[in-house]
Amino acid sequence: WWAYGQSFAVADGVSRTHNDGCQKGPCSSHSEAAVFCHEVVPALVTSRSLYEPFARANACIERLNRELHGITPETVDYLYNDYLSCVGAAGVLSKEPPFRFSYGYIGDCGILVYDHGQLYPRFLSENSIAILEQFREGWKFRNKDEKEIFWRKRLRNRPNQPFMTYGALTGEDSALGYVRTGSIDLLFGDIVLLFSDGIYPFIFDAGFRAEIMSLLCSASEDHVKHSKMEAYLNTATHILQSQGVKNLDDDRTFIAFTLGDRFG
């Protein structure tokens, strides 16, 4: 089931714009998401501060932007030559009781803790990007490029602005001001979910939460569990679409674990 003291991380590369206008596939910052997980997971076990792993990942992203892509504060244009960046969520569980899950997150990657009955959320991280995106739908821009530049230059990693802004790990020092940290003491049977924003529409569905619990209880091999969850998400997508739920076509990444070897 679970080895106490382990750490976990989920990251999502932020979409970029190529000069053909694409914002998917190779435009996304997949390498930065990999760097985040590679740096954060071991650092969570040894670091004294939850901010330190995020700072280490951010520093690596700065070097990748500068050394491999030549993107610096002097060359960034926030459109075709924007920073490669990512958002992420991570956490570590203490080795001894009381079993405390210490977490950190930035951007729209999230953390959900719910009870083994799948009914009651015990904790859900804030998603300020989703709120800003709803406001963005009502903003009037002359074209798509103008919208992207405003979103990235004026709102991203600008903590001193007198309005709501958001953060992503671009290598800029200001990004670290958006890292949110905390901890929660887990009860036996609690389920913890770390997820990218593509999973966000599903977390409110009781069937999704129940499916996770069922797979955690299952003795099946990991590849079997993965196939079952993929099939479930495909079916659930059609159901939620029929109910008018939006944003169901994004990348879906999550890690789930439970505390204890059986449900009480």
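Look above for the structure.
Scoring rules and cut-offs
Each chain has its residues counted from 1, following the order in which its sequence is written. Owing to the predicted nature of the model, reporting of local features is limited to residues with pLDDT of at least 70; listing and counting of side-chain atom pairs is limited to 80 or more, with chain, interface and lining totals taken over all residues. Side-chain measures here rest on the full set of heavy atoms in the structure, leaving out hydrogens and waters. Accessible area is worked out with a 1.4 Å probe on protein chains only. A residue is then buried under 20% of its type maximum, exposed over 50%, and partly exposed in between. For the purposes of this entry, the term helix denotes a DSSP run of H or I that reaches at least four residues, the term strand denotes a run of E that reaches at least two, and both are numbered from the N terminus. Here, any two strands with at least 2 DSSP bridges between them count as paired. By the criterion applied in these results, polar contacts are pairs of N or O atoms within 3.5 Å in which, for protein atoms, one can donate a hydrogen and the other can accept it, and in which residues neighboring in sequence qualify only through two side-chain atoms. Two residues form a contact once any of their heavy atoms are found within 4.5 Å. For helices, the fitted axis covers only the stretch in contact; all axes are lines through C-alpha atoms, and the angles between them, taken along N-to-C directions, range from 0 to 180 degrees. Angle categories are assigned with fixed cut-offs, so that under 35 degrees is roughly parallel, over 145 is roughly antiparallel, 65 to 115 is roughly perpendicular, and the rest are oblique. To estimate the expected span of a helix, subtract one from its residue number and multiply by 1.5 Å. Throughout, the arc means the angular range of directions from the helix axis out to the C-beta atoms.

How should the pairing of strand β3 (residues 100–106) be read in this particular structure?
Along a regular strand, successive side chains alternate from one face of the sheet to the other. Most of β3 is tucked away: six of the seven residues are buried. The pairing of strand β2 (residues 86–93) with β3 spans six bridges and is classified as antiparallel. By the bridge assignment, Leu 93 is partnered in β3 with Phe 101. What sits between the antiparallel neighbours β2 and β3 is a turn of six residues. Bridging between β3 and strand β6 (residues 180–185) involves six bridges; their strand directions are antiparallel. The partner of Phe 101 across the bridge, within β6, is Ile 184.

Help me understand the side chain of Asn 65 in this model?
Positionally, Asn 65 belongs in helix α2 (residues 51–69). The buried category is assigned to Asn 65, whose relative accessible area is 1%. One polar contact links the side chain of Asn 65 to the main-chain amide nitrogen of Leu 84, over a distance of 2.9 Å. If near-sequence neighbours (up to four positions away) are discounted, Asn 65 is found in contact with Gly 70, Ile 71, Tyr 83, Leu 84 and Thr 170.

Even after reading the chapter, I still don't get the packing of helix α5 (residues 206–217) against helix α6 (residues 222–242), so can you show me in this structure?
Between two packed helices, both the angle of their axes relative to each other and the distance between the axes serve to describe the pair. Running from amino to carboxyl end, α5 crosses α6 at an angle of 170 degrees, the nearest separation of the two axes being 11 Å. As summarised for this structure, α5 and α6 are arranged roughly antiparallel, according to the angle between their axes. From α5, Gly 207, Phe 208, Glu 211, Ile 212, Leu 215 and Leu 216 reach across to α6, where they touch Lys 225, Lys 228, Met 229, Tyr 232 and Leu 233.

Mind showing me how you'd approach the sheet that holds strand β5 (residues 121–124) here?
Whenever strands of a sheet pair, they do so through backbone hydrogen bonds, lying parallel or antiparallel. Taken together, the four strands give an open sheet; going across it, the order is β5-β4-β7-β8, and neighbouring strands pair in antiparallel fashion. Bordering the open sheet on either side are β5 and β8 (254–258), each of which pairs with just one other strand. On average, adjacent strands in this sheet sit at an angle of 15 degrees to one another, irrespective of strand direction. Summarising the sheet, strand β4 (residues 110–114) and β5 pair through three bridges and their orientation is antiparallel.

I'm lost on unusual backbone geometry in this one. Help?
For residues that are not glycine, phi is negative in most cases, and the peptide bond is trans in most cases. For the bond running from Pro 97 to Pro 98, omega is 0 degrees, close enough to zero to count as cis. Residue position: Pro 98 is located in the loop between β2 and β3. For Tyr 78, which is not glycine, the phi torsion reads 65 degrees and is therefore positive. Here Tyr 78 shows up in the loop between α2 and β2. Classification of Tyr 78 as buried rests on a relative accessible area of 11%.

What is the right way to read the environment of Leu 194 from this model?
Positionally, Leu 194 belongs in strand β7 (residues 191–195). Sequence spacing of Leu 194 and Glu 126 is 68 residues, and the spatial spacing of their C-alpha atoms is 13 Å. Once residues lying within four places of it in the same chain are set aside, the contact partners of Leu 194 are Phe 8, Val 10, Ala 89, Ala 90, Gly 91, Phe 101, Gly 110, Ile 111, Thr 253, Phe 254, Ile 255 and Phe 257.

Got a minute to help me understand α5 in this structure?
Because each turn of an α-helix spans 3.6 residues, side chains separated by three or four positions in sequence point in the same direction. For α5, built from 12 residues, the straight-helix expectation of 16 Å at 1.5 Å per residue is met to within 8% by its first-to-last C-alpha distance of 17 Å. Turning to α5, its buried residues number three or more, namely Phe 208, Arg 209, Ile 212, Met 213, Leu 215 and Leu 216. Seen end-on, α5 carries its buried residues on one side only, within an arc spanning 165 degrees. Buried residues along α5 sit against β4, β7, α6 and β8.

Any link to function would need more than the numbers given here.
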